[in-house]
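# Secondary and tertiary structure notes
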Amino acid sequence: MLAKAAASFGVLAEGRLVLGVGGGAYPDAIASIGGRRRSGGETVAFTEESLHVLRAALAGDAVRLISDHHRIEGYQAGPVPPAPVPLWLGAMWRRMLGVTGRAADGWISPLDIYVAPDEVPAKQKIIDEAALEAGRDPRRIRRAYNVLGAIGPFRGGRGLVGDARLWADTLTEWAVELGLDTFIYWPVTEPRTQLEAFAAEVVPTVREQVGLIRGTR
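Notes on the structure follow.

All right, on to the overall build of the protein chain then. Counting secondary structure elements, the protein chain contains seven helices and eight strands. Overall, the protein chain is about 55 × 35 × 35 Å in size when its C-alpha atoms are taken along their principal axes. Looking at the protein chain residue by residue over its 217 residues, the buried ones come to 42%. Sequence-distant contacts, at least 24 apart, represent 61% of the contacts inside the protein chain between residues at least 6 apart. About 12300 Å² of surface is accessible on the protein chain, with carbon and sulfur atoms providing 55% of the total. Of the charged side chains in the protein chain, 25 are positive and 25 negative, and the gap between their average positions amounts to 4 Å.

Have a look at this one:
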C-alpha cells in the first residue's frame, strides 16, 4: 500500500519525491491498529526486506515474496514514477545503521538533541562499512540531519538557537566536517516565520559557504 501511494505521488510530483521510512519505534502502537508487534531483531530484518520490496514495486516490477515477514502473492506494481524514488531510512542504532548502508539510498538521523554532532561520525562509519561490505559506494548514500531550534532572539529553546549567521556557520561546519548533505529544520516556535527565515537567510549562505570550502563555487 505504501509503494502504491508513493508511486502515485511520485507521478504527480514529477519525480520530486523522496520516501522516508523507518522500522517503527512504537510496537504497541503498531499492534493497536492491526500490525504485528515485532522485537528489535525482527524489526531490523523486516525493515531490510521491506526496502527491497519497496524498491522493486516502485520500479514497476511484480512482487512475489513469501517469508517470515511478508506474504505477497503477486503485487502488480504501478504507476511507475518518471524518476526513481529514493528510499531514505531513519536509523539510530548499529543494526539499523547497517541496513541503511546495505539497502537504503539515504540516512535520516534523529534530531540533533538525540544524536549530538559528535556522535555522527561513528554512525556514519557504520553505514559506510556496511555499504562497502555489500559492494555499494557509500558516497551515493545521502545523509540527512534533523535540526531542532530557533533562528533569532529566542530564549529557552532546545537545540540550535541563535541568529541566522550562527545557523549558517554551524550547518556549514556540520556539512563539511560531518559529511551531512541535507538538513531538516524543526522550529520550536512560529513555524512559518522560522521556515521563511531558514529558506531565505540560512540555506543560501550555507550553500555558498560549503561551495567555497569545497571549491565548487
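Further remarks concern the nonpolar core. Counting 50 residues, the largest nonpolar core has W167 and L171 as the members making the most contacts within it. Among the elements that take part in this core, helix α6 (residues 164-178) stands out by supplying seven residues, more than any other. In this structure, L171 is in contact with V147, F183, F198, V202 and V206, ignoring residues within four places of it in sequence.

Across three bridges, strand β1 (residues 19-21) lies against strand β4 (residues 87-90) in parallel orientation. If you follow L19 over to β4, its bridge partner there is L87. Pairing geometry for β4 and strand β5 (residues 106-111), over three bridges, is parallel. By the bridge assignment for β5, W88 is matched with G106. For the handedness criterion, the β-α-β arrangement of β4, helix α4 (residues 94-103) and β5 is classed as right-handed.

Of note, W88 is situated in strand β4. If sequence neighbours within four positions are ignored, W88 has contacts with V18, L19, G20, V21, D105, G106, I108, R142, A144 and T182.

The topology assignment puts T182 in strand β8 (residues 182-187). At a separation of 2.7 Å, a polar atom in the side chain of T182 contacts the side chain of D181. If sequence neighbours within four positions are ignored, T182 has contacts with W88, R142, R143, A144 and Y145.

Interaxial distance between α6 and helix α7 (residues 191-214) falls to 9 Å at its minimum, and their mutual angle equals 40°. The angle between α6 and α7 places the two elements in the oblique class. Handedness of the α6/α7 crossing: right-handed. Here α6 contributes A164, R165, W167, A168, D169, L171, T172, A175 and V176 to the contact with α7, which in turn contributes F198, E201, V202, T205, V206, Q209, V210, I213 and R214. Here the contact of α6 with α7 is composed, by residue class, of 11 nonpolar, three polar and four charged.

Most of β5 sits inside the fold, with six of its six residues counted as buried. The pairing of β5 with strand β6 (residues 142-151) spans five bridges and is parallel. Considered in β6, the bridge of G106 is made with R142. Between β5 and its parallel partner β6, the chain crosses via helix α5 (residues 120-133), and the hand of that crossover is right-handed.

A few words now on the packing of helix α3 (residues 40-58) against α4. Contact pair α3 / α4: the axes reach a minimum separation of 10 Å and the direction vectors enclose 15°. Here α3 lies roughly parallel to α4, going by the angle between them. For the crossing formed where α3 meets α4, the hand is right-handed. Each of G40, G41, T43, V44, T47, E48, L51, H52 and R55 in α3 lies in contact with α4, whose residues at this interface are R95, M96, V99, R102 and A103. Each residue belonging to the contact of α3 with α4 can be placed in one class, and the counts come to five nonpolar, five polar and four charged.

Scoring rules and cut-offs
Residues numbered from 1 in each chain as written. Predicted model: local features only at pLDDT ≥ 70, side-chain atom pairs only at ≥ 80, totals over all residues. Heavy atoms only, no water. Helix = DSSP H or I, 4+ residues; strand = E, 2+ residues; numbered from the N terminus. Buried < 20%, exposed > 50% of the residue type's maximum accessible area, 1.4 Å probe, protein only. Contact = heavy atoms within 4.5 Å. Areas by Shrake-Rupley, 256 points an atom, 1.4 Å probe, with all protein chains shown as cover. Lys, Arg positive; Asp, Glu negative; His and termini not counted. Charge placed at Lys NZ, Arg CZ, Asp CG, Glu CD. Core = buried A, V, L, I, M, F, W, Y, C linked by side-chain atoms within 4.5 Å. Pairing = 2+ DSSP bridges. Right-handed = clockwise from strand over helix to strand, strands pointing away. Polar contact = N/O pair within 3.5 Å; in protein donor to acceptor, adjacent residues only side chain to side chain. Axes fitted to C-alpha atoms, helices over the stretch in contact; angles between N-to-C directions. Parallel < 35°, antiparallel > 145°, perpendicular 65-115°, else oblique. Left-handed = near helix turned anticlockwise from the far one by under 90°. Nonpolar A, V, L, I, M, F, W, Y, C, P; charged D, E, K, R; others polar.

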